[in-house]
Amino acid sequence: MRGGRKTAVGNVGRPPVSWALPGILFFAVFAIVPLAIAVYLSFCKWDGLNSPTSAGLDNWTRLFKDPEVRQAAWLSLLLTTISWAFQTPVALLLGVWAAGRQRSRAVLSAVFFVPLLLSTTAIAMLFHALLDPNFGVIKEIGPWFGIDPNVMGSSTGALLTVAFVGGWQFMPFHTLIYQGGTRQIPQVLYQAAEMDGAGMFRQFFHITLPQLRNTITTSSVLMIVGSLTYFDTVLIMTKGGPGTDTTVLPYLMYRTGFQTYDLGYAAAIATALVVVATALSLVLVRFSGFGNMRSTREGM
Amino acid sequence: MRSGIFTQGTRAARWTAAGAAMVMAGLLTGCGSGSGSGSDGGTITAYVYGDDAVKVQQAAVTEFNKTSKVKVKLVSVPGTDYVNKLRSSMGSPSAPDIFFNWGGGSIKPYVDAKQLVDLTSTVNGDAELKDGFLPSIMTAGGLDGKIYGVPMRGMQPVMLFYNKKLFTENKLEAPKTWEDLQKAITTFKAQGITPFALGGSDKWPELMWMEYLLDRIGGPEVFKKIQNGDSSGWGDPAVLKAAQTVKDLVDQGAFGKNFNSVDYGNGGAPTLLNKGKAAMHLMGSWEYSTQLGKAPEFAKKDLGWTAFPTVAGGVGDAADVVGNPTNYWSINARTKHKDAAIAFLKTMASQKYAKALVDNGDIPTTSNAASMLSTSPNPQFANDQYSLVQKAPSFTLSWDQALESQYATPLLTELSKLFAGKSSPEQFVAAMKAVK
């Protein structure tokens, strides 16, 4: 995520490139090498026990014809959109609020931060228990709000639940990003706006939001890539069900790889996922002008 | 000093790199040298399917470790993850030495990859093992006439469990025919009680319905054909009829409305039965141990059981049984302590182990089982189950164990779509015929 262009500011006192070695090495061993292996495997047939044998383009031609992949891709896209639309406004407002100096802000911020500290598995199991249609809290509380306790048994309900649980967990993280971003906004802008008679809302829409443009991009890229690879909650809460209605791409990959043991095809799905996620974040960065990092400080 | 070192450019960088490389190397080799290492006599790892019956295996391990130099370490893998975890570790250097399995298709990939110890000569050359178990059970765990496993748990036919209290209150008898079943469904639905508990989110409990329905409708031969690798077998009209029956039951509300989000693994479905919220539960005979563990009062007083009823117009024998003949221990061919592993497997044939299984409510598959059943916590259940299996003309192995995972996984997915109303019986059949 760290844009390298900022270094153009000057090379005075910069550490040598070799300082990046541990990082590069780590990245190579745990990201590049596995990625290369996955790409290689996507051209193989492999059951995980015997040696992989070449399969040519079989996995890839199958990938583009497979209706399950199409459905999973659509669900992934849907989940990503819902997650983004749900998390961004809330995290943005919370972040801006948390950047202020109100009373008890620090305490509440700490409370809001808690979900991020819990393990994903614990959270998923917790919500699974809460949403149990027969013995969960939802059984008692759901009807008050006109919610059918069988939330996770309906296709829309299950997908929304997964998006909600993920949002609940990761919102604090994005709140933190927005809080940091808001604090970076020079106070002079607000002081000037106040002198010009701009109220709270105008200040928010004309100073805070535009100034947070790059922060929004950062947070969105993280959110989108995160939702595209969202897996653990699906595995624990819905197992891709009901039917295949929450079988998003990463879960389909898991099922193909570790339940059907068709690891070659699973690698093809994984590779496709990497390509899509990378492409999406590149497009987002390009179109939001995120590449020109210095632009928000223009005229200062 | 410190800042000096860090600004010294290349030399410091080299050190950092070297340090990082060593850490990496450490991590990598750390991954590579998983199992087998140990002091003295060494350790053998045994993977077992984690449920309420593990305590029996744990006791056997403790007993074995008292005298053996090579110690057995029992790893209880939570049920839902068992197959995954086993498969992943069998392809890695940290594979278990001994592992629990269902025989048949469940071990075929390992046999094909030459990862299992062929126990044929060991068993045949050892009176204790050869005569210790029912011969049919011993062969059921093998493949192509060879023996790869030693029975280690009770027989597990799938039975229809019911809440006796609810049946008495509603003046109903345990269903023997499809008519009885329909009557029970209507009666319980009118009372606001779910007729059948079903852990649909785990998928495999749904499979039990399909297995019995197909058996009752078309007889065991239909699945035999599929099991032997002929996927056109899914096109048999009996499969379509069974799938249609499933759809009818679902539409009727026989499983309630929310079975899709109820599980078996975490106790969802069994709790429905023991709390009286559901009247019946089609489940493997381990349901008894499960209920004994979760709700002992209920298990002893109100838990009833019966065979799966007949289905109108079906040609299958009403005495046929589906489920798991038993579970087996198999030995990894890469183990460093083969003799110790075999020695441990032999303890499975002991009177003491069989007794421990009986005490846990299981019916061991040892030849002497019948004589022990009277000491079971519920001799009635033990005897009923034993005679159910003994009289069965056919015992079909659970489909998800009989088929290899490349067929079993899509089967479970397609079935869950059928139950969820996401695909029609016709679509189910078409999808299964297309699986390659």
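The rules behind these values
- Residues numbered from 1 in each chain as written.
- Chains lettered and ligands numbered in written order.
- Predicted model: local features only at pLDDT ≥ 70, side-chain atom pairs only at ≥ 80, totals over all residues.
- Heavy atoms only, no water.
- Helix = DSSP H or I, 4+ residues; strand = E, 2+ residues; numbered from the N terminus.
- Buried < 20%, exposed > 50% of the residue type's maximum accessible area, 1.4 Å probe, protein only.
- Contact = heavy atoms within 4.5 Å.
- Areas by Shrake-Rupley, 256 points an atom, 1.4 Å probe, with all protein chains shown as cover.
- Lys, Arg positive; Asp, Glu negative; His and termini not counted.
- Charge placed at Lys NZ, Arg CZ, Asp CG, Glu CD.
- pLDDT = per-residue confidence, 0-100.
- 1 Å grid on protein atoms, 1.4 Å probe; cavity = no way out; pocket = protein on both sides within 12 Å on 5 of 7 lines; lining within 4 Å.
- Points joined across faces, edges and corners; volume = space filled by probe spheres on them.
- Nonpolar A, V, L, I, M, F, W, Y, C, P; charged D, E, K, R; others polar.
- Buried area = accessible area lost by both parts, 1.4 Å probe.
- Salt bridge = Lys/Arg side-chain N within 4 Å of Asp/Glu carboxyl O.
- Polar contact = N/O pair within 3.5 Å; in protein donor to acceptor, adjacent residues only side chain to side chain.
- Expected span 1.5 Å × (residues − 1).
- Pairing = 2+ DSSP bridges.

**Observations regarding the overall build of chain A**
Part 1: Tallying secondary structure elements over chain A gives 13 helices and 2 strands in all.
Part 2: Overall, chain A is about 70 × 60 × 30 Å in size when its C-alpha atoms are taken along their principal axes.
Part 3: Expressed as a percentage of the 300 residues in chain A, the buried residues total 42%.
Part 4: Within chain A, counting contacts between residues at least 6 apart in sequence, those at least 24 apart form 69% of the total.
Part 5: Looking at chain A as shown, the accessible area adds up to about 16,400 Å², and 69% of this sits on carbon and sulfur atoms.
Part 6: In chain A, 20 side chains carry a positive charge and 13 a negative one; their mean positions are 14 Å apart.

**Brief notes about the confidence of the model for chain B**
One rule of thumb: low pLDDT means the predicted coordinates there are not for detailed reading.
Part 1: A residue-level look at chain B finds 91% of positions with pLDDT of 70 or above and a mean pLDDT of 86.
Part 2: Below pLDDT 50 for its whole length, residues 1-39 of chain B participates in 25 contacts with residues either more than four positions away or in separate chains.

**Some points on empty space enclosed by the protein**
Part 1: Enumeration over the complete set of coordinates arrives at 3 cavities of 30 Å³ or more.
Part 2: The volume enclosed by the largest cavity comes to roughly 110 Å³.
Part 3: Contributing to the lining of the largest cavity are 14 residues, with Thr238(A), Gly241(A), Pro242(A), Ser201(B) and Asn260(B) lying nearest its centre.
Part 4: Considered class by class, the residues forming the lining of the largest cavity number 3 nonpolar, 9 polar and 2 charged.
Part 5: Each pocket or cavity is described by its volume, and for the second largest cavity that value is around 50 Å³.
Part 6: Lining the second largest cavity are Phe133(B), Pro151(B), Met152(B), Arg153(B), Met348(B), Tyr353(B), Ala354(B), Leu357(B), Pro364(B), Thr365(B) and Thr366(B).
Part 7: It is helix α18 (residues 351-359) of chain B that provides the largest number of residues to the lining of the second largest cavity, a total of 3 residues.

**A closer look at the interface of chain B and chain A**
Part 1: At the junction of the two partners, chain B supplies 44 residues and chain A supplies 33 residues.
Part 2: The contact between chain B and chain A buries some 3,200 Å² in all, and 60% of this surface belongs to carbon and sulfur atoms.
Part 3: At the junction of chain B with chain A, the criterion picks out 2 salt bridges.
Part 4: For Lys239(A), the salt bridge identified is with Asp202(B), shortest N-O distance 3.0 Å.
Part 5: Our enumeration of links across chain B and chain A arrives at 13 residue pairs in polar contact (both at pLDDT 80 or more).
Part 6: Among the elements of the structure, α2 (10-32), α4 (82-90), α5 (108-112), α14 (268-274) and α22 (405-419) of chain B are those that each provide at least two residues to the side of chain B that touches chain A.

**What about the side chain of Thr245(B)?**
Part 1: Within the secondary structure, Thr245(B) is located in helix α13 (residues 237-252).
Part 2: If we skip the residues at most four places from it in the chain, Thr245(B) touches Trp178(B), Leu213(B) and Ile217(B).

**Details of helix α3 (residues 54-67) of chain B**
The α-helix winds at 3.6 residues per turn, so residues separated by three or four positions along the chain end up facing the same way.
Residue and element names in this part refer to chain B.
Part 1: Along its 14 residues, α3 runs 21 Å from first to last C-alpha, staying within 8% of the 20 Å computed at 1.5 Å per residue.
Part 2: Those residues of α3 not exposed but buried are Val54, Val56, Gln57, Ala60, Val61, Phe64 and Asn65.
Part 3: Summarising the contacts, the buried residues of α3 are in contact with β1 (43-50), β2 (71-78), β10 (328-331), α17 (338-346) and α18.

**Some words on the pairing of strand β5 (residues 156-163) of chain B**
Residue and element names in this part refer to chain B.
Part 1: Counting buried residues along β5, 8 of its 8 residues qualify, which places the element largely inside the surrounding structure.
Part 2: Every second residue of β5 is oriented toward a common face, with Gln156, Val158, Leu160 and Tyr162 on one face and Pro157, Met159, Phe161 and Asn163 on the other, all of them buried.
Part 3: Taken together, the 5 bridges between β5 and strand β7 (residues 278-284) define a ladder with antiparallel strand orientation. Along β7, the bridge assignment pairs Leu160 with Leu282.
Part 4: Pairing between β5 and strand β8 (residues 303-306): 4 bridges, direction antiparallel. Considered in β8, the bridge of Phe161 is made with Trp305.

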